[in-house]
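The lines below spell out each chain.
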Amino acid sequence: MTRLTSTTVPSASTTTAPSAVTPAPTSTSVTMIRAAGTAAQVVAGTYVIGFLAMVAYLVPRGFTSPVDDPAASLDFLRDHQGELAAWYFVLYLLGGAAMALVSLGVAQRLAPAPALARISAAFGLIWSGLLIASGSIALVGQHAAVTLHAQDPDLALTTWVSTSVIQDALGGGIEVAGALWAAAVGVAVLRARALSAPLGGLALGLATVGIATVFPAAADTATSIFGLGLILWFTWLGLALRRR
């Protein structure tokens, strides 16, 4: 004898289909994003201060590259050590510390593209570390060169030139680290639509300029364009991150 059994088939109304939904931002992530917006404006401010101090104060008083004129550069350092120390502190130490917060906050905002968000955070933190290291080397090297000058001027000159080359290589001579961060952020912005498309496009443009600093023939011009462009980029980014 065949036994008939009833089988319950779930209806369409009771079947739950899995769906990919972006998690709602928590209060912690919102706080991080808004703090990153403030930090981005701090970074923009350090660039403004750096450019203005260079053009309006340092260069008119004889500031020159240690590679172009080592003796004149060391003499300028001895006469203006305090001003140079403050310049490096603002541009590299303060700017680098704020950059760490910016990279983490931007990664939070780019959460809809998690892989690119993690890549951007990695490059941003690398750039932050290089800036802080560059400023620290500059400050220590300045003190060492001035101290050594009283005992051995030739050794002081060698120390100052060597310090300047290392410092420039880490933060400013080649802008690859910043360019890679800008490229990762730009691609993530355009894919995740977490920020405006023009902001992402500007990031990609700055990334191209930053990569160009690798080539000696274009290094000086590209470095200036990259730095000035970052003032606009970080100011705009800060406003976008702080917008509710």
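Residues numbered from 1 in each chain as written. Predicted model: local features only at pLDDT ≥ 70, side-chain atom pairs only at ≥ 80, totals over all residues. Heavy atoms only, no water.

### Remarks on the pattern of salt bridges
For the structure shown, the criterion picks out one salt bridge. The salt bridge involving Asp75 is made with Arg78; its shortest N-O contact spans 3.7 Å. With a gap of three residues between them, Asp75 and Arg78 both fall in helix H2 (residues 70–79), about one helical turn apart. The exposure class of Asp75 is partly exposed, given its relative accessible area of 37%. For Arg78, a relative accessible area of 41% translates into the label partly exposed. (Salt bridge = Lys/Arg side-chain N within 4 Å of Asp/Glu carboxyl O. Helix = DSSP H or I, 4+ residues; strand = E, 2+ residues; numbered from the N terminus. Buried < 20%, exposed > 50% of the residue type's maximum accessible area, 1.4 Å probe, protein only.)

### Examining the packing of helix H3 (residues 81–109) against helix H4 (residues 114–149)
With their axes 8 Å apart at the nearest point, H3 and H4 run at an angle of 165° to one another. In terms of their interaxial angle, H3 and H4 are classed as roughly antiparallel. Judged by the sense of rotation from one axis to the other, the crossing of H3 with H4 is left-handed. Grouping the constituent residues of the contact of H3 with H4 by class yields 19 nonpolar, 11 polar and no charged. (Axes fitted to C-alpha atoms, helices over the stretch in contact; angles between N-to-C directions. Parallel < 35°, antiparallel > 145°, perpendicular 65-115°, else oblique. Left-handed = near helix turned anticlockwise from the far one by under 90°. Nonpolar A, V, L, I, M, F, W, Y, C, P; charged D, E, K, R; others polar.)

### Re the layout of surface pockets
Empty space within the largest pocket amounts to approximately 1100 Å³. At the level of secondary structure, the elements contributing two or more residues to the lining of the largest pocket comprise helix H1 (27–58), H3, H4, helix H5 (153–170) and helix H8 (216–242). Looking at the lining of the largest pocket residue by residue, the classes come out as 19 nonpolar, 14 polar and four charged. (1 Å grid on protein atoms, 1.4 Å probe; cavity = no way out; pocket = protein on both sides within 12 Å on 5 of 7 lines; lining within 4 Å. Points joined across faces, edges and corners; volume = space filled by probe spheres on them.)

### A look at the environment of Leu58
Along the chain, Leu58 turns up in helix H1. Judged by relative accessible area, Leu58 falls into the buried class, the value being 1%. Each C-alpha atom, one on Leu58 and one on Glu83, is 8.4 Å from the other, the two residues being 25 residues apart in sequence. If we skip the residues at most four places from it in the chain, Leu58 touches Ala53, Phe63, Phe76, Leu84 and Trp87. (Contact = heavy atoms within 4.5 Å.)

### Points about the nonpolar core
Nonpolar side chains in soluble globular proteins tend to end up buried together. Core analysis: the biggest nonpolar cluster contains 51 residues, and Val102, Trp127, Trp181, Trp233, Phe234 and Leu237 have the highest contact counts within it. Contributing elements (two or more residues each) for this core: H1, H2, H3, H4, H5, helix H6 (176–192), helix H7 (197–212) and H8. Sorting elements by how many residues they give to this core places H3 first, with 10 residues. Beyond its immediate chain neighbours, meaning those up to four positions away, Trp181 contacts Met99, Val102, Ser103, Val106, Ser120, Phe123, Gly124, Trp127, Trp233, Phe234 and Leu237. (Core = buried A, V, L, I, M, F, W, Y, C linked by side-chain atoms within 4.5 Å.)

### Some details on the packing of H6 against H7
In the contact formed by H6 and H7, the axes pass within 7 Å of each other and the chain directions differ by 155°. It follows from the interaxial angle that H6 and H7 lie roughly antiparallel. Considering the relative orientation of H6 and H7, their crossing is left-handed. Taken together, the residues of H7 that come into contact with H6 (itself represented by Val176, Ala179, Ala182, Ala183, Gly186, Val187, Val189 and Leu190) are Ala197, Gly200, Gly201, Ala203, Leu204, Ala207, Gly210 and Ile211.

What is shown is where atoms sit, not what they do.
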